[in-house]
Every structure is written in structure tokens, then in C-alpha cells.
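Coordinate inspection notes
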Amino acid sequence: MRIALFITCFNDTMFPRTGQAVTALLERLGHTVEFPQGQTCCGQMHFNTGYRPETLPMVRRFTEVFAGYDAVVVPSGSCAGMVRDHHRVVAAQYGDAALTEAVGRVAPTVYELSELLVDVLGVTDVGAYFPHRVTYHPTCHSLRMLRVGDRPLALLRAVKGIDLVELPAAESCCGFGGTFALKNADVSNAMLADKMRHVLGTGAEFLTAGDNSCLTHIGGGLSRLRTGVGTMHLAEILASTEGDPR
Amino acid sequence: MSGADNVVWLGSPAFPQAARTALADTQLRANLRRATGTIRDKRLAVAAELEDWEDLRETAAAVKRHTLRHLDHHLLRLEKSVTAAGGVVHWAADAAEANRIVTDLVRATGGSDDETREVVKVKSMATQEIGLNEALADAGIRAYETDLAELIVQLGRDRPSHILVPAIHRNRSEIREIFRREMGEWGRPAPEGLSDDPRDLAEAARLHLREKFLRAKVAISGANFAAADTGTVVVVESEGNGRMCLTLPETLITVMGIEKVLPSFADLDVFLQLLPRSSTGERMNPYTSLWTGVTEGDGPRNFHLVLLDNGRTATLADEVGRQALACIRCSACLNVCPVYERTGGHAYGSVYPGPIGAVLTPQLVGIGSDTKSGAASLPFASTLCGACYDACPVKINIPEVLVHLRAEAVEAGRRKRVLPTAEALAMKAAGAALSSPGRLAAAQKLAALGARLVARDGRIGALPGPFARWSASRDTPLPPRETFRAWWRRTRTPANEDDPATGERKGRG
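All of the points below concern the structure found in this document. This is a predicted model, so every value here is computed, not measured.

On to the overall build of chain B, then. From N to C terminus, chain B includes 24 helices and 12 strands. Its C-alpha atoms give chain B principal-axis dimensions of about 100 × 55 × 50 Å. Looking at chain B residue by residue over its 509 residues, the buried ones come to 54%. A separation of at least 24 residues holds for 74% of the contacts in chain B among residues at least 6 apart in sequence. Of the accessible surface of chain B, which amounts to about 21900 Å², a share of 52% is contributed by carbon and sulfur atoms.

Moving on: the environment of Val106(A). Residues and elements named next belong to chain A. Tracing the backbone shows Val 106 in helix H6 (residues 97-106). Here Val 106 falls in the buried class, since its relative accessible area comes to 5%. A C-alpha to C-alpha distance of 8.8 Å links Val 106 and Glu 64, two positions 42 residues apart in sequence. For Val 106, the residues in contact, after removing those within four places along its chain, are Phe 62, Thr 63, Phe 66 and Ala 67.

What follows concerns unusual backbone geometry. In the Ramachandran plot, Ala169(A) falls in the positive-phi region, its phi being about 50° despite a non-glycine side chain. Relative to the helices and strands, Ala169(A) is located in the loop between strand S6 (163-165) and helix H10 (180-183). Backbone geometry at Ser331(B) places phi at a positive 70°, although glycine is not the residue there. Within the secondary structure, Ser331(B) is located in the loop between helix H14 (312-316) and helix H15 (332-336).

Moving on to the nonpolar core. Grouped together as the largest cluster of nonpolar side chains are 150 residues, with contacts concentrated most on Phe66(A), Phe15(B), Leu78(B), Phe179(B), Phe271(B) and Ile356(B). Broken down by element, this core gets its largest block of residues, seven residues, from helix H20 (residues 398-416) of chain B. The contacts of Phe15(B), once residues within four sequence positions are left out, are Asn184(A), Val187(A), Val339(B), Thr343(B), Ala347(B), Tyr348(B), Ser377(B), Leu378(B) and Ala381(B).

Now for the pattern of salt bridges. Residue and element names in this part refer to chain B. A complete count under the given rule lists 42 salt bridges over all chains for this structure. A salt bridge links Glu 341 to Arg 40, with the nearest nitrogen and oxygen atoms 3.1 Å apart. One end of the pair, Glu 341, is in helix H16 (residues 338-343); the other, Arg 40, is in helix H2 (residues 26-49), and 301 residues separate them in sequence. The class for Glu 341 is buried, based on a relative accessible area of 10%.

About the thresholds
Residues numbered from 1 in each chain as written. Chains lettered and ligands numbered in written order. Predicted model: local features only at pLDDT ≥ 70, side-chain atom pairs only at ≥ 80, totals over all residues. Heavy atoms only, no water. Helix = DSSP H or I, 4+ residues; strand = E, 2+ residues; numbered from the N terminus. Buried < 20%, exposed > 50% of the residue type's maximum accessible area, 1.4 Å probe, protein only. Contact = heavy atoms within 4.5 Å. Areas by Shrake-Rupley, 256 points an atom, 1.4 Å probe, with all protein chains shown as cover. Core = buried A, V, L, I, M, F, W, Y, C linked by side-chain atoms within 4.5 Å. Salt bridge = Lys/Arg side-chain N within 4 Å of Asp/Glu carboxyl O.

Below, the structure is given as C-alpha cells:
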């Protein structure tokens, strides 16, 4: 099976460790990961902020770069959602029939990490070891665009040594929302405050999620308050082993 | 508030500014959290009771889609059947025309001036949308709201902040103060020593309203639904005050948005199951009033139906945006919205707050119109978390319409301005960088360098410009020295291999 990694522009720049974890994890499970160098960005920021014509080159590039793979893995629920749900909207509005057709071929091969592991590769126990108290935040796009359901929790429950604690009001949005956090900073802060209160209430050492963007927002708040609670992408927990701890 | 286009309260600031004011009101936030949390849990529980809940949603969505596609046809059928049943149908293109029609009808009811100068009202979004109470006041006619929550808002000289629970932002001690202070101005004063016990408050409202029900010659209502085949109009409510208005006065005037029509009486089956469960978390509505024209010796002797357009036809022309017209005003989306829960309804500057308001208001007033800049900020008042779409009983894809309207707002801005905004310039620059791996790598190097210049202890504190408010409450992590792309090339790509995508040579020399 040819698995390509779409790292996402944000992870590429800010969280290479997440990409390294995905690679280590999939290779440990016996798969070969390819990293097409021509990849850039899914276009979500432009699309969601209303800059649709600017999104078109990114849709075109993604579709060309990731054509022909059996599966494309994305360590981000929101970027996977953008590709699966919105690329066809951009293609239909600003592209041509050929692009629409190409998007239709590529988009269904794109999987968020937990989907790839559970649905495509058929594993829930990935042989990870992570001896810490952890709580999981289901990010909105994973939850409601991709409907990943409890796949991430099933993966986490199979991790050895983990003390997985439930996050109260887990399904409430953390208030990030891309440019929402800049345009409506005060509302975003109010939502963040409630999310942090719930995280702190669990007594967890780490908050994990399938999206580093949400984790940057929540983690930035937890850091500012000097709470000592860390944030870590799901991939990094799943990649951890006794021999190779994160 | 007067004249046309009352959907948006003129002079309201854009959402981010209005939200800041609301967020500072801790009492408001506590009231809202309690109220929306309670309704949210009740709705989930009663929706889960129905095994065919998802089928009901799908059926309702299909009926609405069909109706909106053939709206002209069903409206003409409705006009015919209402007329045949003894009612009179009026068509209003906008708020001003609707207000004029209603004012003339109230004046023409005959009787002495004193009797005709007041009307009782059933809670109605359509009449709020057109600013009817204010238009009637301008014509010397006093309109009394009879819904308990609307009464609280009217007596408090306030604005409704929720579609279903207009006074959701008030707690009971605030309500007691309003009753004590204002009831005497409008009619029977509040009883001496009124407590803030809900039972006492309800009794005070009952006594205050009873004399109005018994005296009024004219009632004005909205409509939840109207069946085109029979001409039957439907109002659902919880208190019975609406039914008093719908049955006691001689003349009944109903103002109804044209999107409220349903093809047939049988369609009510689905909607009367969905609406109470989605709105108040009840299995069925305490009072469901249905009337068909006029009936000799029973109920009002004159019935007028005002069919209101006020931006709906223009909304219908938008293939993505038109689904907002399927809304049955249940407010389930408000009660699950994390933004609404923190800001309340007033921040939306419109009679339609929350997620549905954020998609409906800009469409009804026109997103590119100069005087309504507040409306253009509404589609951005969401994190696109999607909780509203999941809750909507008629499956309006609110996130889809939000991003669609954001694109329209940006395009409208581009058409109006000679110079692009700072945001447009930033998006253009980001777009250029993100369209090529070579340019992206260069931008990443610049960002990492810049970040190291401003960082302290591996974290970035204060940031300039549009990031200032972000950095006021959050640290930003420092980008690592090596990007993933660079790590991969360093560790995985064989030396001296040309990169086919970028054309860049990996090896030196």
C-alpha cells in the first residue's frame, strides 16, 4: 500500500515532531511512508476566511501532488476535512471539469490519522507506551466534519501505561476557529477559559488532540497561566514506546 | 428603529465590538450559561426518545427544499385557499409596505378611537423583523405584547436576545424590578410586595394581561406554518396567551414570512414533532392553534394574512444561502452555539441572533449594502464548529452558508474598495507562499528567524498588529529550527537527488 503523508503547512513549520511521529508509527506498523516534496497547504485558511479564488492554486497543487496514492494520511482533522469536503466546492466554483474530476478521485483517499489506523490499516493497538495521565479533546472538525467518533479514544485506550481521563464538556469548541481567534479575540478567549478550566479539572499532565492548531490555542493559554499542563498531538503519544519515548 | 430594513438594528456595531461589551457582563453570561445548558440537555433527551428522529429531520429538510423550489406555486395556492375560507390575503414586498398594510387594517376596524388604538400581539419574529410595534406607535396605536418573555422585554424597553426566549438574558430578580417599575405605565400595576418567585411573577403578568385580552378588538400574530392546500394557519406556543389573542378579538391580522408555507396540511405531522422537541425540549406543544379563514359565530370575524417578502426572494436566488429560509425558528442552534452562549443575542445586532441569524440577517438585508456593515461581520462570528448543523431539525448546513457568505463579504469588499485591506494583502502574500514549496520554505525560514528575534524562554509573548489580542492571553510556541520538510530531506532523501517538484537541488555543488 502506497501511503503518502500530507504534513500540512502548519505542522511542517511549527510541529515537525508530529510528522516524525506519524512516520515512525506507520513504519513501526510495517508500512512505507512517502513524502511528496511538492506539497504545500490545503487552503483552509483562505477558504474559511472568504478568499476563495486564492484557494484554487492550492487545491490544484494538492490534487496533482497526491494523485495516485492508495491513501493520504493527514495528522489534522481540519485539513483532512478541508480536502474531503471543500476542495470540490472550490473546484466547481473556480476550476474546470478536469479539476473537479481529479478532486473527486483524490479526496476520498485522504484520511485523518485515526481513520487511517482504524479503518484502513485495521489496528487499534499500535503498540505504544505512554505512562502519563492524559485527557483527550475531540476537535470540532474531526468530530463533526469527519465523524471520527471514538476512533482516537480507542487508540488511546490501547496505549500501555496511559491513565486516560475523560474531559468534561469535551465536545465544546475550544474557541480557536482559525482567523476567528484573531477577528473575535474576546469571544475566543472566553471559550478558551472554559476549555482550560475543564482541562485543569482532570488533573491531566497532557492534553492531546488530533489537531495541532487547537492544541496551540489551548496550550498557549495553559502556558501563559504557567499551569504545567503540556499539549501533545495524538500521533506523538501513539508513536511513543519504552525504547523511544517522546 | 423605524422605517424599512428593521432586521438589523441601525447603529449596531460590528459583532466583535458588540461581543466585547456583552462579554464584560458577568450576570448576562451566568444567566445564559444556565438557560442554554438546561434547554440543551432537555432537547437531547427528548430527541433521543424518537427512534426515527433522523428520518424526521431528513423528511422535514426534503419538504422545505421542495417548497422553496416551488415557492411561487405554493403561495398562490395558499392565497386561493385562504380567500376561499373567508380570509383576505395581502402581499408586502418589504417592511414599510407590511407596516402600512397592518396600520391601515387596524385603523379600518371601526369602533371608537380608544378601542382601535390598541392591539394585542402574539409573539412573532416577523413583526419584530419589520419593526411593527414601532410603526404602530408612530401611527398612535399601542401594541401590547402578551407572550410573557416578550412582555418582559417590552416593559423593560429592551430588545429580545433569543428567538424563543426573548428575555433569556434576564433573571427573575431583574424581571421583578421591571414589573414593579413599568407595569403601571402600560396598564394594571404589579401587585404590592411582588416577590421574585416564578409563580408570583406569572400571576402578576396574568392579571396585567387579562384586561387587555378582554378589551382588544384587534390581534396581530405571526405564523409558524401555513398549509397551502387548506389555507390553515398555525401558531404554536406554551402559555395560552397566544390562543387568547387568536380567538377573542374581532379582527385577526397575521404577518407571515413567505417561506413559512407548507404544501399540505399533512406536512404538519413532521414539523409539529420536530419543533417542540428542538425548541423547548418538550414532547409536544402545550398550545397548538390552527385556524382556517373565518368561522361564523366562532373566533375572529375578520382574518387578514399579510405575506411578507422583505429580502426573502433575493435570498431564494442564492443556491447555497437559500437553505436558511428553511428555518422553523426553533432556536436549537442558538442553544448549542458556544459563541451565542458567551455573547448573548444583542451582540448580533439583529432580531435573528445566533448561528441562524449570522446566515439569515446578512442575506435579508444584503451583505454588500453600505449602511449594514454590522451584518457583514456576522458570518465571521463563528468558529465553524458545526454544533448548529448537528442540532438543526431541518438540517440547514449553517457552516456551509457561513463560509459561503464570508466569500461574498470579501468579494463585496473587493468591489467597493480601491485599495485592498491589510487582511487581503496578507491573504494574498500567504497565498503566494503557500502555492509553491520553494516559496513556502523561504517563508518558513523567515518566520523562524523572526520568531527567534522576539522569543523569550522558548515562547513568544506579545505580538504586533492583528495578533496583539491573541498574544494578550496565549503564548505562541517557537517554530523549531528545522521544518519537517527539511528534516525529511536531510534524513530521507538520497544525496544529490534533484527534487522533481521544486526543481531545487539538494546536494551542494
